[in-house]
Every structure is written in structure tokens, then in C-alpha cells.
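Descriptive analysis of the structure
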Amino acid sequence: MTAPKGPTLTVVPNAKGDAATSVSRALQPSGWPKPKGYANGMTADGRIVVTGGVIGWDAEEKLKPDFISQVRQALQNISDILAEGGAKPEHLVRLTWYVVDMEEYLGNLKALGQAYREIFGPHYPAMALVQVVRLVELAARVEIEATAVVPR
């Protein structure tokens, strides 16, 4: 019997450190470059908490005026929804971002990273980023879906 070909899988501890006691773990195939600001994959065991598509409006359904403000409010809204479900930002295992302008996203990476870290800290789940033609709310620039796993 021959050894399997291809990369092997390494489990990377989450930002808090110890892989054995973490709720979730990043999956990092050996030999792959370490991603910056996201994980290639995640594994977790527990109760699932999901959000719908969350946009950057406040409790009165007023949208923030610019992209970064909308992102910051959307992330805060997700944090609030997670808290309602008993989840914390470190329980996030996946985020899917929908943006109406990829260049606007790419042109604001530093501010995006700062807003993200202020709300979610140094925990980076698996993420996907998709440009869409528009969102249901015409003035919305970003919509984000989240999945978290709360420990049992």
C-alpha cells in the first residue's frame, strides 16, 4: 500500500490558542500559505446559530451612509444577533459577504480589518466574498451571513 498523495491537513488552534479546548479550529492543509484575515476551513462541535443576510442599518432601519460605516454596523448587528443566540464572536465558523462593488471592498481593506477586529477580535472564520448586482435594500452596500457554533 502506498501513502496517499497530496497535502495533509493541519488543525490550527483558534486565536485563543489551545486546539484541544477550542470550540472551533481552523483547518490549514500543510504546505498551503497561511491565509490573512480568514480561514480556509473550520471545524466545530456544538449548537449552531445562524443569521440571515445582515445589512448595515440601525435598530430604526436607517442605513449608514458609507461602505465602512455599513460594514461596521452590519458586523455589530451580527454580534448582537449572535449574543441573542448565546454565541460570541469566537464561535463564528463562517461568514459570507455580499458586496455591490468589489473595488470598494478592496480599496478599503485596512479600514475593513480595523472595523472587523474592533467587533470580532482576532478570530477569523472561513469566509467567502461575492460581488452582486444589488441587494434588496437599494442603498445597502454590503450584506453578511454568519454561522456560529456554540459549545455544548
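Residues numbered from 1 in each chain as written. Predicted model: local features only at pLDDT ≥ 70, side-chain atom pairs only at ≥ 80, totals over all residues. Heavy atoms only, no water.

Some words on the overall build of the chain
- Counting secondary structure elements, the chain contains three helices and eight strands.
- Listed by position from the N terminus, the elements making up the chain come as β-β-β-β-β-α-β-α-α-β-β.
- Of all 152 residues assigned to the chain, the portion counted as buried reaches 38%.
- The long-range share in the chain, meaning contacts at least 24 apart out of those at least 6 apart in sequence, stands at 69%.
- On the chain, roughly 8,900 Å² of surface is accessible, and the fraction owed to carbon and sulfur atoms is 54%. (Helix = DSSP H or I, 4+ residues; strand = E, 2+ residues; numbered from the N terminus. Buried < 20%, exposed > 50% of the residue type's maximum accessible area, 1.4 Å probe, protein only. Contact = heavy atoms within 4.5 Å. Areas by Shrake-Rupley, 256 points an atom, 1.4 Å probe, with all protein chains shown as cover.)

Points about unusual backbone geometry
- Residue Glu61 is not a glycine yet carries a positive backbone phi of 60°.
- Positionally, Glu61 belongs in the loop between strand S5 (54-55) and helix H1 (67-84).
- The exposed category is assigned to Glu61, whose relative accessible area is 55%.

Structural notes on the nonpolar core
- Counting 24 residues, the largest nonpolar core has Phe67, Leu75, Leu95, Trp97, Phe120 and Ile144 as the members making the most contacts within it.
- The greatest single-element share of this core, amounting to seven residues, is contributed by H1.
- When near neighbours in sequence (up to four residues on either side) are disregarded, Leu75 contacts Trp97, Ala115, Tyr116, Ile119, Phe120 and Ile144.
- In this structure, Ala39, Met42, Val93 and Val149 belong to the second largest nonpolar core, which totals six residues. (Core = buried A, V, L, I, M, F, W, Y, C linked by side-chain atoms within 4.5 Å.)

Considering the packing of H1 against helix H3 (residues 109-120)
- Taken N-terminus to C-terminus, the directions of H1 and H3 make an angle of 20°; their axes are 10 Å apart at the nearest point. The orientation of H1 relative to H3 falls into the category roughly parallel. Relative to H3, H1 is oriented so that their crossing is right-handed. Across from Phe67, Ile68, Val71, Arg72, Leu75, Gln76, Ile78 and Ser79 in H1, the residues of H3 making contact are Ala111, Leu112, Ala115, Tyr116, Glu118, Ile119 and Phe120.
- In terms of residue class, the contact of H1 with H3 is built from 11 nonpolar, two polar and two charged. (Axes fitted to C-alpha atoms, helices over the stretch in contact; angles between N-to-C directions. Parallel < 35°, antiparallel > 145°, perpendicular 65-115°, else oblique. Left-handed = near helix turned anticlockwise from the far one by under 90°. Nonpolar A, V, L, I, M, F, W, Y, C, P; charged D, E, K, R; others polar.)

Examining H3
- Compared with an ideal rise of 1.5 Å per residue, which puts 12 residues at 16 Å, H3 spans 16 Å between its outermost C-alpha atoms and is within 8% of the ideal.
- Residues Leu112, Gly113, Ala115, Tyr116, Ile119 and Phe120 constitute the buried set of H3. Considered in projection along H3, the buried side chains sweep an arc of 165° and stay on one side of the axis.
- Of the surrounding elements, those touching the buried residues of H3 are H1, strand S6 (92-99), helix H2 (102-106) and strand S7 (126-131).
- Positive phi appears at Gly121, one or two residues downstream of H3, with a value of about 75°. (Expected span 1.5 Å × (residues − 1). Arc of directions from axis to C-beta.)

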